[in-house]
Amino acid sequence: MSESSAEAVASAASAVVAASATGAGGGWRRATGIAGAAIGVIAAGAAAGVALERMTVGRGIRAKARLALDSTGPYGGLRGTPGKAFADDGTELYYEVDDVEPQGGPPNRRRRLFGRKAPLPVTVVFSHGYCLNQDSWHFQRAALRGVVRTVHWDQRSHGRSGRGNAQIRDGEPVTIDQLGRDLRAVIDAVVPEGPIVLVGHSMGGMTVMALAALYPELIAERVVATAFVGTSSGRLGEVNFGLPVAGVNAVRRVLPGVLKALGQQAALVEKGRRATADLFAGIIKRYSFASRDVDPAVARFAERMIEGTPIDVVAEFYPAFTDHDKTEALAWFTDMPVLVLAGIGDLVTPSEHSEAIADLLPDAELVLVPDAGHLVMLEHPEVVTDRLADLLTRAGAVPAGATVNGYGSTSSSAQPG
């Protein structure tokens with residue numbers, strides 16, 4: 001995106017804000033396309049527009065292709081035993097549990113992950129990122145299913161969880177600390193005792209850090225290992241999302257007003273979001289993946305998760321990231337096995353943020369994955385699964401002497417930090 005086009009995006013976004021302020025219905029209709037583009041950007045975890053390659057396939061054909069991928073795509077269909085926890089403000093938090101099968105799960109898969117040893121009792125709790133849901137861990141869930149007890153939950157206002165009561169009823173802003181309290185409620189409901197491994201991607205990793213800041217005794221007494229995937233402990237306000245300086249500054253200048261305006265006109269903006277589906281898909285791919293040969297079904301799967309997040313939820317959560325700073329909380333993870341993993345091509349939470357986390361946890365394993373973007377667990381699932389299996393082994397979740405055989409064919413592409 002050139003500096004001039006970035007300024008154009010900012011000017012157009014300003015027009016959206018102005019239309020909202022004046023209450024001009026016609027202005028909002030004219031701004032719908034711009035609003036849709038802005039939503040796609042924010043929902044993908046970015047903060048500005050991106051130049052897209054010229055589309056050469058007819059819109060009708062693209063629509064049919066999306067329908068075909070939706071009907072045949074195998075991703076996101078794994079379901080476990082459902083349950084609900086309740087946050088401190090009464091918000092319903094939906095979770096699913098995959099229990100260990102007799103004899104420790106399918107033997108072939110168990111041997112791929114842990115050699116010939118059966119895992120010991122441990123519960124792995126997965127926390128997903130912004131504008132995603134628990135299905136974003138599809139590949140890792142499939143690999144561990146029946147072998148290790150796992151819990152997958154939807155953060156408040158995401159997936160199958162309820163809208164945040166404090167936000168809807170009391171107008172309170174979402175905070176990362178609130179998400180940490182939510183995670184504690186889920187743990188209390190479904191893992192009241194026994195060792196825990198915490199795994200968090202992006203916002204989910206921040207949630208894990210908030211849990212540590214609020215409940216250090218839980219971390220010290222029960223958490224035996226932690227994985228931070230494509231996340232950050234702070235300074236997210238400095239991320240440039242791959243844009244030139246002028247573009248970043250322009251977007252930061254108008255973004256708060258744009259988000260507020262979009263959130264207040266949710267129904268109208270959702271129509272614009274549907275109308276700009278092609279642009280939306282291109283933006284998601286740009287900010288979610290780094291490799292050129294991403295499976296179209298995987299890209300569509302990510303698109304469905306992100307477009308399923310209502311615009312008012314997108315607007316509700318975004319300010320929390322600027323305020324996020326949980327650097328001090330990382331100290332609670334120093335005495336356990338830790339995996340820090342990121343895609344080198346991540347434009348949303350750049351790999352430098354993962355390196356900063358690893359610098360504060362010198363005994364952590366730092367894995368930087370080439371040709372991978374923000375959704376590294378979908379783009380290179382075999383790498384993430386392989387390193388998670390090794391983390392479980394190091395945490396004592398499998399008996400001493402077990403070995404981790406590579407899960408998938410490209411785990412060698414991961415580079416130790």
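Residues numbered from 1 in each chain as written. Predicted model: local features only at pLDDT ≥ 70, side-chain atom pairs only at ≥ 80, totals over all residues. Heavy atoms only, no water.

Chemist: Quick one: what's the story with the pairing of strand β2 (residues 92-98), residue by residue and with numbers?
Modeler: Most of β2 is tucked away, with six of its seven residues classed as buried. In this sheet, β2 lies alongside strand β1 (residues 81-86) in antiparallel orientation, the contact comprising six bridges. Following the sheet pairing, Ala 85 is matched in β2 by Leu 93. Turn length for the β1-β2 hairpin, with the two strands adjacent in sequence and antiparallel, is five residues, and the turn residue Gly 90 shows positive phi of about 90°. The pairing of β2 with strand β4 (residues 149-153) spans four bridges and is antiparallel. Across the sheet, residue Val 97 finds its bridge partner in β4, namely Val 151. (Buried < 20%, exposed > 50% of the residue type's maximum accessible area, 1.4 Å probe, protein only. Helix = DSSP H or I, 4+ residues; strand = E, 2+ residues; numbered from the N terminus. Pairing = 2+ DSSP bridges.)

Chemist: So what's going on with the nonpolar core? Which residues, and what values?
Modeler: Core analysis: the largest hydrophobic core is formed by 61 residues, its most contacted members being Leu 341 and Leu 378. If near-sequence neighbours (up to four positions away) are discounted, Leu 341 is found in contact with Phe 228, Val 229, Gly 230, Ser 354, Val 367, Val 369, Val 376, Val 383, Val 384 and Arg 387. (Core = buried A, V, L, I, M, F, W, Y, C linked by side-chain atoms within 4.5 Å. Contact = heavy atoms within 4.5 Å.)

Chemist: How would you explain the packing of aromatic side chains if you had to name every residue and give the values?
Modeler: Evaluated as defined, the whole model comprises five aromatic pairs. Pairing Tyr 75 with Phe 301 gives two aromatic rings, centres 5.9 Å apart and planes at 40°, and the pair type is tilted. Placement of the pair is Tyr 75 in the loop between α3 (59-72) and β1 and Phe 301 in helix α13 (residues 296-307), with a sequence separation of 226 residues. There is no split in this pair, since Tyr 75 and Phe 301 are both buried. Ring plane angle 65° and centroid distance 4.8 Å describe the contact between Tyr 130 and Phe 321, whose orientation is recorded as edge-to-face. Taken as a pair, Tyr 130 in the loop between β3 (123-127) and α5 (138-144) and Phe 321 in helix α14 (residues 311-323) lie far apart in primary sequence, 191 residues in all. Clustering of aromatic rings is evident, with ring pairs tying together Tyr 75, Phe 139 and Phe 301. The cationic tip of Arg 184 hangs over the ring face of Tyr 215; the distance from NZ or CZ to the ring centre is 4.8 Å. (Phe/Tyr/Trp six-rings, centres within 6.5 Å; stacked < 30°, edge-to-face > 60°. Lys NZ or Arg CZ within 6 Å of the ring centre and 35° of its normal.)

Chemist: I'd like to hear about the pattern of salt bridges, residue by residue, with values.
Modeler: Oppositely charged side chains can pair when the atoms bearing their charge come close. Within the structure shown, the criterion is met by 24 salt bridges. For Asp 188, the salt bridge goes to Arg 184, with nearest N and O atoms at 2.9 Å. Linking Asp 188 with Arg 184, this pair stays in helix α7 (residues 176-190), spanning four residues, or about one helical turn. Salt-bridge contacts for Arg 300 lead to Glu 307; the nearest nitrogen and oxygen are separated by 3.4 Å. (Salt bridge = Lys/Arg side-chain N within 4 Å of Asp/Glu carboxyl O.)

Chemist: Could you give an account of the side chain of Asp 182, naming the residues involved and the relevant values?
Modeler: Its location among the elements puts Asp 182 in helix α7. A relative accessible area of 0% means that Asp 182 is categorised as buried. Ignoring any residue separated from it by four or fewer positions in sequence, one finds Asp 182 in contact with Ala 87, Leu 93, Trp 153 and Arg 156.

Chemist: Before we move on, could you go through the environment of Glu 172 and cite the residues and values that matter?
Modeler: Along the chain, Glu 172 falls in the loop between α6 (165-170) and α7. Given a relative accessible area of 42%, Glu 172 falls into the partly exposed group. Distance in space between the C-alpha atoms of Glu 172 and Glu 316 is 9.5 Å, their sequence separation being 144 residues. Apart from residues lying up to four places away in sequence, Glu 172 is in contact with Ala 166 and Gln 167.

Chemist: Report on the confidence of the model for the protein, specifying residues and quantitative values.
Modeler: Low-pLDDT stretches of the model should not have their predicted coordinates read in fine detail. In this model, the protein carries an average pLDDT of 79, and 67% of its residues clear a pLDDT of 70 or more. Low pLDDT, under 50, characterises residues 403-414; the stretch is placed with 36 contacts to residues that sit more than four places away or in other chains. (pLDDT = per-residue confidence, 0-100.)

Chemist: Can you tell me about α7, naming the residues and giving the values?
Modeler: Across its 15 residues, α7 extends 21 Å between first and last C-alpha, which sits within 8% of the 21 Å expected from 1.5 Å per residue. Here α7 lies mainly inside the structure; eleven of its 15 residues are buried. Regarding α7, the residues found buried are Ile 176, Gln 178, Leu 179, Gly 180, Asp 182, Leu 183, Arg 184, Ala 185, Val 186, Ile 187 and Val 190. (Expected span 1.5 Å × (residues − 1).)

Chemist: Residues and numbers for the environment of Val 197, please.
Modeler: Looking at the element boundaries, Val 197 is found in strand β5 (residues 196-201). A relative accessible area of 1% means that Val 197 is categorised as buried. Separated by 200 residues in sequence, Val 197 and Ala 397 have C-alpha atoms that sit 9.0 Å apart. In contact with Val 197, not counting residues within four places along its chain, are Val 122, Thr 123, Val 124, Val 125, Val 224, Ala 225, Leu 391 and Leu 392.

Chemist: Just give me the short version of the packing of α7 against helix α8 (residues 203-214), but keep the residues and values in it.
Modeler: Relative to each other, α7 and α8 sit at 80°, their axes nearing to 7 Å. Between α7 and α8, the angle is such that the two are roughly perpendicular. Packed against α7, whose contacting residues are Ile 176, Asp 177, Leu 179, Gly 180, Arg 181, Leu 183, Arg 184 and Ile 187, the element α8 presents Met 203, Met 206, Thr 207, Val 208, Ala 210, Leu 211 and Leu 214 at the interface. Split by residue class, the contact of α7 with α8 holds ten nonpolar, two polar and three charged. (Axes fitted to C-alpha atoms, helices over the stretch in contact; angles between N-to-C directions. Parallel < 35°, antiparallel > 145°, perpendicular 65-115°, else oblique. Nonpolar A, V, L, I, M, F, W, Y, C, P; charged D, E, K, R; others polar.)

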